[in-house]
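Chain residues, written in single-letter form:
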Amino acid sequence: MSDPNKNSDPDGNHPYRNQLLRRMPADDLALLEPHMQRCDLPLRMMLVTPNVPIEAVYFIEQGIGSVVASTASGQEAEVGFIGFEGMTGYSLVMGDDRAPHACFVQLEGEAIRIEAGAFKAALEASATLRMFLLRFVNALQTQAGCTALVNARLKLEERLARWLLMCDDRVPGEHLAITHEFLAIMLGVRRPGVTVALQLLEGRALIRSRRGEIVIRDRAGLLELANGSYGEAEAEYARLIGEIGAA
C-alpha cells in the first residue's frame with residue numbers, strides 16, 4: 001500500500017482513521033495491509049451494486065455510505081448508514097458474494113479499498129478476523145432495526161433529528177453537504193416534506209439550512225427532538241467494538 005501514513009491521525013499513533021482497522025487484532029490487520037489501496041469516494045459512487053458479485057470492500061476513512069433498499073417500482077429508502085466506524089461489502093463476512101441492496105456514497109470522502117478475492121482469502125486464513133467483523137455486522141443490523149422502527153412510528157422531524165445526529169457522529173465539524181432531494185431519498189419521503197421538517201428544525205435554532213448544506217447548531221436539542229430514537233444502535237456498537245469516534 002502506498003504511503004499509509006499520509007492521512008494518519010493528528011496524534012500520529014495510528015495510520016488509519018477507520019475504527020475497524022484501528023481496533024482489529026494486529027495479526028489480522030497485517031493480513032489485509034498488503035492488499036489495501038487508498039481511494040477517493042466521490043458523491044454517488046456505487047460501492048455495492050445489488051445482486052451482483054461484490055468487487056471490493058471499502059473501509060471508510062471519511063465520508064458516509066448509504067445502504068439503500070428499493071422496490072420494483074423504484075421507491076427507495078435508506079436502511080443502513082456507514083461512516084468511518086464501518087465497512088461496505090459486509091455480505092462477504094457472512095459467506096455470501098453479493099447483497100440485495102445498493103450502497104453508494106452520500107457524503108464524499110475517502111476509503112481503504114481491498115479487492116474481494118484478497119479479502120475473502122484473509123477471512124479464510126483467520127477465524128478471528130471474521131469473528132471481529134461479524135461484530136460490526138451485528139451492530140449494523142441493530143441500526144437497521146432501529147431505522148425500521150422510527151420510520152414506522154416517529155414523526156418526520158424526529159427521524160430527521162436522528163439522521164443528523166448519526167451524521168454528526170461521523171463527520172468532522174458541523175457542516176453537512178447534503179441536498180433536500182438526497183435527504184428525501186434517505187428518509188423515504190417526498191422532498192416537500194423534508195423542506196418543511198428542515199424549516200421546523202431551523203425555527204427551533206437546531207440547525208441552519210442553506211442550499212446544499214446543513215449546519216448543526218444544537219446537538220443537545222436534536223437529541224431531545226429525536227425522542228429516544230437515537231442511541232440504541234450506538235450503544236450496541238460501543239458494546240461490541242467501542243465508542244464511535246473514540247481513538
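Residues numbered from 1 in each chain as written. Predicted model: local features only at pLDDT ≥ 70, side-chain atom pairs only at ≥ 80, totals over all residues. Heavy atoms only, no water.

### Considering the nonpolar core
The biggest cluster of nonpolar side chains holds 46 residues, and the ones touching the most others in it are L32, F59, F119 and L133. Beyond its immediate sequence surroundings of up to four residues, F119 is in contact with L32, V57, F59, M87, L92, V93, I114 and L133. Counting 33 residues, the second largest nonpolar core, distinct from the first, contains A161, L165, L187 and A226. (Core = buried A, V, L, I, M, F, W, Y, C linked by side-chain atoms within 4.5 Å. Buried < 20%, exposed > 50% of the residue type's maximum accessible area, 1.4 Å probe, protein only. Contact = heavy atoms within 4.5 Å.)

### Quick word on the UniProt feature "domain: HTH crp-type" (unreviewed entry) in the protein chain
Here the UniProt feature "domain: HTH crp-type" (unreviewed entry) sits at residues 158-224. Taken end to end, residues 158-224 has its terminal C-alpha atoms 9 Å apart, with 60% of it in helix and 15% in strand. (UniProt positions renumbered as here; feature names shortened; annotations may be inferred. Helix = DSSP H or I, 4+ residues; strand = E, 2+ residues; numbered from the N terminus.)

### Let's talk about the sheet that holds strand β8 (residues 213-216)
In spatial order, the strands read β6-β8-β7; together these three strands make up an open sheet with antiparallel pairing. The sheet is open, and its two edges are formed by β6 (175-176) and β7 (207-210), each paired on a single side. Of the strand pairs in this sheet, β6 and β8 are connected by two bridges, and their pairing is antiparallel. Directly across from L176, in β8, lies its bridge partner I214. Strands in contact with helix α5 (residues 156-170) are β6, β7 and β8; relative to β8, the strand with the most contacts, it is inclined by about 80 degrees. Together, β7 and β8 form the strand contacts of helix α7 (residues 191-203), whose direction differs from that of β7 by roughly 135 degrees. (Pairing = 2+ DSSP bridges. Axes fitted to C-alpha atoms, helices over the stretch in contact; angles between N-to-C directions.)

### Some remarks on the pattern of salt bridges
Overall, the coordinates contain ten salt bridges when judged by the stated rule. For R17, the salt bridge identified is with E110, shortest N-O distance 2.5 Å. Of the two residues, R17 is situated in the segment before α1 (19-23) and E110 in strand β5 (residues 102-115); the sequence distance between them amounts to 93 residues. Using a relative accessible area of 15% as the deciding quantity, one classes E110 as buried. R130 serves as the salt-bridge partner of E124, at 3.6 Å between the closest nitrogen and oxygen. Relative accessible area serves as the criterion here: at 65%, E124 is assigned to the exposed category. Overall, R130 belongs to the partly exposed group, its relative accessible area being 22%. A single network of salt bridges, built from pairs that share partners, joins D168, D169 and R219. (Salt bridge = Lys/Arg side-chain N within 4 Å of Asp/Glu carboxyl O.)

### Some remarks on the state of the cysteines
Inspection of the entire model under this criterion finds zero disulfides. In this structure C39 is not part of a disulfide, and its nearest cysteine sulfur, from C103, lies 12 Å away. When its relative accessible area of 18% is taken as the criterion, C39 is described as buried. (Disulfide = S-S within 2.5 Å.)

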